[in-house]
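Per-entry structural report
Now for the letters of each chain:
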Amino acid sequence: MRNRTLGRTGISVSEIGFGAWAIGGGWGEQREKDSVDALHRAIDLGVNFIDTAAGYGDGRSERVIAQVLKERKEEVRVATKTPPAPGPWPPTPYCSDEERYSEAYLRANVEERLRNLGTDCLDLLQLHTWTRAWNRNPRPFEILRRLQAEGKVRHIGLSTPEQDQNSVVGLMRDGWLDTVQVIYNVFEQEPAAELLPAAAECNVGVIVRVVFDEGVLTGKYGKDSTFPPDDFRSSYFAGDRLARAVDRAEKIRQELEGAGYSLPQAALQFALAHPAVSTVIPGIRNVAQAEANVAAAETKDLPEELLVRLRKHQWLRGVWYG
């Protein structure tokens, strides 16, 4: 497993991290033994970065991670996320930061993260979402910097709001962020226009999420695939979105014929090919997925000619012709 530096944090992180949403729930039934075994196997294979959140099973994901790390001697860094107080998700331009991320709320939430993870200082705390409306006076980050000075938090980050990922660019340039977590994959390439170059300029670590577009870029779904009502994917792939995504994934698979890469290998290597990217955190929920993702990361780098061909598969889902 190769490592990269997580921006200005100076932390050396594995190119493949452990996305820990599914082990908290929300992706169908999940046995705790499978979660524990997956974490152990990933660490055995050199994974030293885990990403979780308060909202992943109401802290369940964090607690499972803490349980496993008590049994390990390796240094493993854990990033977690604090959501805003109840209200619209993502926050609207009319939401008040003082209501959604008040100091009292952030302090209480950080204490809960510390308890769940069994630590006295969080390696990386990320706000789980944001609105551009708060950029002019980003008071939540002033609060987090105070918590950092108090020794509760080592580093501070932000997980981009899906509908406005570029809202973090100004925050990076103003020095508020040590890391950003961003959606970047063969379908979603907009971050390459401004966000990723800005992160490189500001030495902000980049954590890539949704590298498989919630699984469709692994090639494992068909147009008739279904998901339980309590599974996040049942809403993500609502309507005809799954059928359209499967069609587009098949076109990418055809593009790869004869190139020596499977669809998931190419999807991971596409994200890792950008020099601003520090680590990619595919969701992992069992030993087989841990092994497959690490093996995909160890595949040879994509040649420039193939990278250029994959760029044409960008999918502008938000426009009528997409």
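Everything below is about the structure shown above.
Here we summarise the structure given alongside this text. All chains use their own residue numbering, which begins from 1 and follows the written sequence. Given that the model is predicted, a residue must reach a pLDDT of at least 70 before its local features are reported, and side-chain atom pairs must reach 80 or more before they are shown or counted; all residues, however, enter totals for whole chains, interfaces and linings. Derived side-chain values reflect all non-hydrogen atoms in the structure, with water molecules and hydrogen atoms excluded from consideration.

Some points on the nonpolar core
Counted only if it meets this: By nonpolar core we mean a set of buried residues, namely Ala, Val, Leu, Ile, Met, Phe, Trp, Tyr and Cys, connected to one another through side-chain atoms within 4.5 Å. Throughout, exposure labels follow a simple rule: accessible area from a 1.4 Å probe, protein chains only, divided by the maximum for the residue type, with under 20% read as buried, over 50% as exposed, and the rest as partly exposed. Where helices and strands are cited, they refer to DSSP runs of H or I of at least four residues and of E of at least two residues respectively, numbered from the N terminus. Note on contacts: a residue pair qualifies if any of its non-hydrogen atoms lie within 4.5 Å across the two residues.
With 87 residues, the main nonpolar core has Phe 18 and Met 172 as its most contacted residues. Counting residues per element, this core draws most heavily on helix H10 (residues 263–272), which supplies seven residues. Not counting chain neighbours up to four residues away, the residues in contact with Phe 18 comprise Ile 23, Ala 38, Leu 39, Ala 42, Val 47, Phe 49, Ile 50, Asp 51, Ile 281, Pro 282 and Ile 284. Judged by nonpolar contacts, the second largest core, of eight residues, contains Leu 6, Leu 124, Ile 207 and Ile 281.

Considerations on the packing of H10 against helix H11 (residues 287–297)
The cut-off we apply is this: For helices, the fitted line uses only the C-alpha atoms of the stretch in contact; every axis is such a line through C-alpha atoms, and the angle between N-to-C directions lies from 0 to 180 degrees. When an angle is under 35 degrees it counts as roughly parallel; over 145 it counts as roughly antiparallel; between 65 and 115 it counts as roughly perpendicular; any other value is oblique. Rotating anticlockwise by less than a right angle from the far helix to the near helix defines a left-handed crossing, while the corresponding clockwise rotation defines a right-handed one. Classification convention: Asp, Glu, Lys, Arg as charged; Ala, Val, Leu, Ile, Met, Phe, Trp, Tyr, Cys, Pro as nonpolar; all other residues, Gly among them, as polar.
At their nearest, the axes of H10 and H11 sit 8 Å apart, and the two run at 60 degrees to each other. Classified by the angle their axes make, H10 and H11 are oblique. Remark: the crossing between H10 and H11 carries right-handed chirality. Contact residues: Pro 264, Gln 265, Leu 268 and Gln 269 in H10; Asn 293, Ala 296 and Ala 297 in H11. A class-by-class count of the residues in the contact of H10 with H11 yields four nonpolar, three polar and no charged.

Quick look at the pairing of strand S5 (residues 77–82)
Heads up, the rule is: Any two strands with at least two DSSP bridges between them are considered paired.
A large share of S5 lies buried, amounting to five of its six residues. The sheet contact formed by S5 and strand S6 (residues 122–127) spans four bridges and is parallel. Bridging across to S6, Ala 79 finds its partner in Leu 124.

So, the pattern of salt bridges
Note the following rule: Any carboxyl oxygen of Asp or Glu within 4 Å of a side-chain nitrogen of Lys or Arg constitutes a salt bridge here.
By the definition in use, this model includes 35 salt bridges. Measuring nitrogen to oxygen at the nearest pair gives 3.2 Å for the salt bridge that ties Arg 2 to Glu 15. With a gap of 13 residues between them, Arg 2 in the segment before strand S1 (3–5) and Glu 15 in the loop between strand S2 (12–14) and strand S3 (18–19) connect regions that are remote in the sequence. Classification of Glu 15 by relative accessible area gives buried; the value is 4%.

A short note on helix H7 (residues 195–202)
Put simply, the rule is: As used here, the arc belongs to the directions running from the helix axis to the C-beta atoms.
The complete set of buried residues in H7 reads Leu 195, Leu 196, Ala 198, Ala 199 and Cys 202. For H7, the angular spread of buried residues about the axis comes to 160 degrees, placing them on one side. Exposed and oriented more than 90 degrees from the buried face of H7 are Ala 200 and Glu 201. Contacts made by the buried residues of H7 are with helix H6 (169–173), strand S8 (179–183) and strand S9 (205–209). Phi turns positive one or two residues past the end of H7, at Asn 203, with a value near 55 degrees.

Examining the sheet that holds strand S10 (residues 277–280)
The sheet built from eight strands is open, its strands ordered S3-S4-S5-S6-S7-S8-S9-S10 with parallel pairing. Of all strands in the sheet, those with a lone pairing partner are S3 and S10, marking the two edges. Across three bridges, the pairing between strand S4 (residues 49–51) and S5 is parallel. Bridging from a neighbouring strand, Asp 51 pairs with Ala 79 of S5.

Comments concerning the layout of surface pockets
Picture a little ball the size of a water molecule; that probe, rolled over the atoms, points out where space is still empty. Quick reminder of the rule: Two kinds of site are reported from a 1 Å grid over the protein atoms alone, namely cavities, where a 1.4 Å probe fits but cannot get out, and pockets, open sets with protein on both sides within 12 Å along at least five of seven lines, and residues are called lining when an atom falls within 4 Å of a point. Grid points are joined across faces, edges and corners, and a volume is the space filled by probe spheres set on the points.
Put simply, the second largest pocket is a space of about 180 Å³. If you go around the second largest pocket, the residues you meet are Ile 65, Ala 66, Leu 69, Val 76, Arg 77, Val 78, Leu 117, Thr 119, Cys 121, Leu 122, Asp 123 and Arg 154. Of all the elements in the fold, those that place two or more residues in the lining of the second largest pocket are helix H2 (60–69), S5 and S6. When residues in the lining of the second largest pocket are grouped by element, the largest group, three residues, is from H2. Broken down by class, the residue content of the lining of the second largest pocket amounts to eight nonpolar, one polar and three charged.

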